Amino acid sequence: GKREARNEGLLESFTMNIRDAKIDDMDQLFRLWKQMQLGHTAYQPDYYRLKDMGTVEERIRGYFSGLVENPDIAFRVAESNGKVLGHIVARIRETPPIFETERQLQIETIVVDEGHRRLGIFRQLLEDVTAWGKAREAVETVLTVDRENPAIEAYRALGFEIRQHNMVRPAA
């Protein structure tokens, strides 16, 4: 729908469309991935260190192509005037059949263009995949976020709360 938002002191009016990601979006998806990767390496450089820098773009494009072609994954983009402003990747996660919560919507990745944050794009992407998940009988939405990620407050504002702590250690 039509959005009017303040961004960097300017009044910007735009029409945003949420749609399935396409192979034709690859350049813009890679641009957003680079923004996300730079943000992650700023607060966890050891974990997000990339291997084989010469083939990163090729491997990310291959990864995204597989997501675009997978009917069991919601890979959605927010687009305005031909520009991809954000994307979200989600899938259904089956829990053991002993629990009442048998199906969860698992958010794998979400990124919003750094020049278009705080405009409601994340909220619209989340609402879109939530509807996709409900149609597949998901009863809740879960995501994993790094403890230093500044987006934690945005997640909390949209109703996410900490249920578990994900702990890691190097392999012995």
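Residues numbered from 1 in each chain as written. Predicted model: local features only at pLDDT ≥ 70, side-chain atom pairs only at ≥ 80, totals over all residues. Heavy atoms only, no water.

(A) Geometry of the overall build of the chain. Each helix and strand counted, the chain has four helices and seven strands in total. Counting helices and strands in the order they occur from the N terminus, the chain gives β-β-β-α-α-β-β-β-α-β-α. Relative to the compact-globule value of 16 Å for 172 residues, the chain shows a C-alpha radius of gyration of 17 Å, a close match. If you line up the chain on its principal axes, its C-alpha atoms span 50 × 40 × 30 Å. Counting every position in the chain, which comprises 172 residues, the buried fraction comes to 40%. (Helix = DSSP H or I, 4+ residues; strand = E, 2+ residues; numbered from the N terminus. Rg over C-alpha atoms; globule rule 2.2 N^0.38 Å. Buried < 20%, exposed > 50% of the residue type's maximum accessible area, 1.4 Å probe, protein only.)

(B) Broad picture of the sheet that holds strand S4 (residues 73–80). The mixed open sheet is built from five strands, whose spatial order is S3-S4-S5-S6-S7. With one partner strand each, in any of the chains shown, strand S3 (17–20) and strand S7 (140–143) form the two edges of the open sheet. Direction aside, neighbouring strands of the sheet carry axes that sit 30° apart on average. For strand S5 (residues 83–94) and strand S6 (residues 103–112), the ladder comprises nine bridges, and the chain directions are antiparallel. Bridge pairing links Arg 93 to Gln 104 in S6. Most of the contacts of helix H2 (residues 56–69) go to S4, to which it runs at about 105°, and overall it touches S4 and S5. In the packing of helix H3 (residues 121–135) onto the sheet, the strands contacted are S3, S4, S5, S6 and S7, and the crossing angle to S5 comes to about 35°. (Pairing = 2+ DSSP bridges. Axes fitted to C-alpha atoms, helices over the stretch in contact; angles between N-to-C directions. Contact = heavy atoms within 4.5 Å.)

By themselves, these figures tell us nothing about what the structure is for.
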